[in-house]
Amino acid sequence: MRRAVCPGSFDPVTNGHLDIVGRSSRIFDEVIIGVLINQHKTGLFTIEERIDMLREVTASYGNVRVESFRGLLVDFCRTQEAAVVVKGLRAVSDFDYELQMAQMNIGLSGVETLFMPTNPQHSFLSSSLVKEVAKWGGDISTYVPDMVGERLVTRLRQG
């Protein structure tokens with residue numbers, strides 16, 4: 001079985017993330033969305049909330065599942081029996097960092113990295129930017145699934 005991991009923090013998941021997951025699901029038999037637990041960083045949404053949102057917005061894919069992980073990505077890949085990491089690249093600036101990570105990952109464990117260029121309509125999109133626009137009342141409806149947008153606006157009103 002060809003299995004791949006799409007890692008990230010997904011705080012929150014955007015349509016750019018979903019584009020990469022959807023395209024990956026057509027290439028691989030199974031795609032595992034790996035939600036990183038970073039104890040040094042407090043997210044807007046809890047890990048559980050991110051996982052719930054991801055499961056809801058990827059429910060239509062029969063070959064995608066969502067799991068959390070901490071520690072090294074290559075260790076998570078090993079436990080999931082995934083030989084490939086899929087990373088979306090928005091710009092050349094992403095490539096510099098991701099290339100170093102890919103080279104470290106293959107050196108540590110032999111896990112390959114597939115770089116997938118984002119759809120141009122999502123090339124500027126990031127979770128941080130979506131949160132900033134939402135914080136100031138901007139329209140984020142084209143950047144995140146409806147359910148995610150509603151939860152984001154609700155959370156920002158609470159904070």
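Because the structure is predicted, anything quoted here is derived from the model rather than measured. (Residues numbered from 1 in each chain as written. Predicted model: local features only at pLDDT ≥ 70, side-chain atom pairs only at ≥ 80, totals over all residues. Heavy atoms only, no water.)

1. Focus on the side chain of Ser 24
Okay, so step 1: Position of Ser 24 among the secondary structure elements: in helix α1 (residues 15–27).
Okay, so step 2: A relative accessible area of 0% means that Ser 24 is categorised as buried.
Okay, so step 3: Within the local environment of Ser 24, its side chain forms a polar contact with the backbone oxygen of Ile 20, the two atoms lying 2.8 Å apart.
Okay, so step 4: Every residue in contact with Ser 24, bar those within four places of it in the chain, is listed here: Cys 6, Val 31, Val 86 and Met 116. (Helix = DSSP H or I, 4+ residues; strand = E, 2+ residues; numbered from the N terminus. Buried < 20%, exposed > 50% of the residue type's maximum accessible area, 1.4 Å probe, protein only. Polar contact = N/O pair within 3.5 Å; in protein donor to acceptor, adjacent residues only side chain to side chain. Contact = heavy atoms within 4.5 Å.)

2. Observations concerning the packing of aromatic side chains
Okay, so step 1: Under the defined criterion, the tally for this structure stands at three aromatic pairs.
Okay, so step 2: Judged by centre distance (4.6 Å) and plane angle (20 degrees), the rings of Phe 69 and Phe 76 are stacked.
Okay, so step 3: Note on Phe 124 and Tyr 143: the rings are 5.7 Å apart at their centroids and 90 degrees apart in plane angle, and the pair reads as edge-to-face. Placement of Phe 124 in the loop between β5 (112–117) and α5 (127–135) and of Tyr 143 in the loop between α5 and α6 (146–158) is noted, with a sequence separation of 19 residues between them. (Phe/Tyr/Trp six-rings, centres within 6.5 Å; stacked < 30°, edge-to-face > 60°.)

3. Comments concerning the sheet that holds strand β3 (residues 64–69)
Okay, so step 1: The sheet built from five strands is open, its strands ordered β3-β2-β1-β4-β5 with parallel pairing. The open sheet has two free edges, formed respectively by β3 and β5, since each of these has just one partner strand. The mean inter-strand angle of the sheet, taken between neighbouring strand axes irrespective of direction, is 30 degrees.
Okay, so step 2: Relative to the sheet, helix α2 (residues 47–57) contacts β2 (30–36) and β3, its axis offset from that of β2 by approximately 155 degrees.
Okay, so step 3: Packing against the sheet, helix α3 (residues 73–80) makes contact with β1 (3–8), β2, β3 and β4 (84–89), and its axis sits at approximately 130 degrees to β3. (Pairing = 2+ DSSP bridges. Axes fitted to C-alpha atoms, helices over the stretch in contact; angles between N-to-C directions.)

4. Observations regarding α6
Okay, so step 1: An ideal rise of 1.5 Å per residue puts 18 Å on 13 residues; α6 measures up with 19 Å between its terminal C-alpha atoms.
Okay, so step 2: Within α6, the full set of buried residues consists of Met 147, Val 148, Gly 149, Leu 152 and Arg 155.
Okay, so step 3: On its buried face, α6 sits against α2 and α5. (Expected span 1.5 Å × (residues − 1).)

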